[in-house]
Amino acid sequence: MTRVWDEFVASVFDHISPGLLLLLMLAAAGLLGSLWYWYPRWIPRRWPRLPRWEKRAKRAKAKKTPAPKPKKQQEEPIFEPQVVLPNGMLLADRLASEGRYAEAIRQRLRDVVGDLTAAGVVSPLPGTTAAEVAASAAQQRPAVAAPLGGATDLFSEVWYGDRPAERVHDDHMRTLTGEVRSRMTGGAR
């Protein structure tokens with residue numbers, strides 16, 4: 001088999017130079033690639049594009065699929081003000097009382113971002129990071145930059161840095177978020 005292949009390649013190279021053959025192969029690959037990419041456009045309309053059963057399946061799927069809702073100009077913010085449980089206790093306080101300090105720290109940051117959003121200081125969209133929210137809030141209200149930056153750093157250390165959270169961290173986060181709220185309302189300028 002190897003000998004037949006070698007003789008075939010030798011006879012091809014006798015008639016066509018290797019450079020020209022490579023150029024022809026690249027042109028053929030480019031042509032096939034572009035035909036594959038623009039497949040439906042180069043088939044004449046009178047030729048059937050899909051078998052009947054595929055057309056039926058596509059029609060049935062199109063009928064079952066609801067029309068997409070028009071997008072709003074600006075998406076709704078993803079944070080709400082403080083989450084209060086039915087018994088009047090804050091969710092963050094309940095998480096801390098259960099010893100789930102990392103989740104309590106995250107919830108406290110969510111609560112303060114929700115308060116900033118409700119006050120119109122920031123408008124975070126899905127995918128906005130805590131650092132981006134802190135930077136945006138610092139531009140709008142420079143007084144909240146230090147405590148919000150500290151809260152963001154603590155959250156990042158605990159949540160993303162895998163630092164074990166303890167009551168001390170939760171108490172520090174409670175202090176920082178309280179300071180953000182007081183500075184946001186004008187308590188300390």
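What comes next is a walk through the structure. (Residues numbered from 1 in each chain as written. Predicted model: local features only at pLDDT ≥ 70, side-chain atom pairs only at ≥ 80, totals over all residues. Heavy atoms only, no water.)

## Regarding the overall build of the protein
Stage number 1. When helices and strands are counted, the protein shows nine helices and zero strands.
Stage number 2. In sequence order, the protein lays out its α and β elements as α-α-α-α-α-α-α-α-α.
Stage number 3. For the protein, the proportion of its 189 residues judged to be buried stands at 22%.
Stage number 4. Across the protein, contacts joining residues at least 24 apart in sequence account for 59% of those joining residues at least 6 apart.
Stage number 5. Here the protein displays about 13,900 Å² of accessible surface, and carbon together with sulfur accounts for 60% of that area. (Helix = DSSP H or I, 4+ residues; strand = E, 2+ residues; numbered from the N terminus. Buried < 20%, exposed > 50% of the residue type's maximum accessible area, 1.4 Å probe, protein only. Contact = heavy atoms within 4.5 Å. Areas by Shrake-Rupley, 256 points an atom, 1.4 Å probe, with all protein chains shown as cover.)

## Quick word on the nonpolar core
Stage number 1. Counting 20 residues, the largest nonpolar core has Leu109, Leu116, Ala137, Leu148 and Met173 as the members making the most contacts within it.
Stage number 2. Contributing elements (two or more residues each) for this core: α6 (101–118), α7 (130–140), α8 (145–159) and α9 (167–184).
Stage number 3. Discounting chain neighbours no more than four positions away, the residues touching Ala137 are Leu116, Val121, Val122, Pro142, Val144 and Leu148.
Stage number 4. Judged by nonpolar contacts, the second largest core, of five residues, contains Leu95, Ala96, Tyr101 and Ala104. (Core = buried A, V, L, I, M, F, W, Y, C linked by side-chain atoms within 4.5 Å.)

## Structural notes on the packing of aromatic side chains
Stage number 1. Counting across every chain of the model gives three aromatic pairs.
Stage number 2. Taking 6.4 Å as the distance between ring centres and 10° as the angle between the ring planes, the aromatic pair formed by Phe155 and Trp159 counts as stacked. Taken together, the positions of Phe155 and Trp159, both in helix α8 and four residues apart, correspond to about one turn of that helix.
Stage number 3. Owing to a relative accessible area of 8%, Phe155 belongs among the buried residues under this scheme.
Stage number 4. Counting every residue linked through ring pairs, the aromatic cluster contains Phe155, Trp159 and Tyr160. (Phe/Tyr/Trp six-rings, centres within 6.5 Å; stacked < 30°, edge-to-face > 60°.)

## Details of the packing of α6 against α9
Stage number 1. Running from N to C, α6 and α9 point in directions that differ by 5°, and their axes come no closer than 9 Å. Between α6 and α9, the interaxial angle falls into the category roughly parallel. Two secondary-structure elements touch here, α6 through Tyr101, Ala104, Ile105, Arg108, Leu109, Asp111, Val112, Asp115 and Leu116 and α9 through Arg167, His169, Asp170, Met173, Arg174, Thr177, Val180, Arg181 and Met184.
Stage number 2. Considered class by class, the residues forming the contact of α6 with α9 number nine nonpolar, two polar and seven charged. (Axes fitted to C-alpha atoms, helices over the stretch in contact; angles between N-to-C directions. Parallel < 35°, antiparallel > 145°, perpendicular 65-115°, else oblique. Nonpolar A, V, L, I, M, F, W, Y, C, P; charged D, E, K, R; others polar.)

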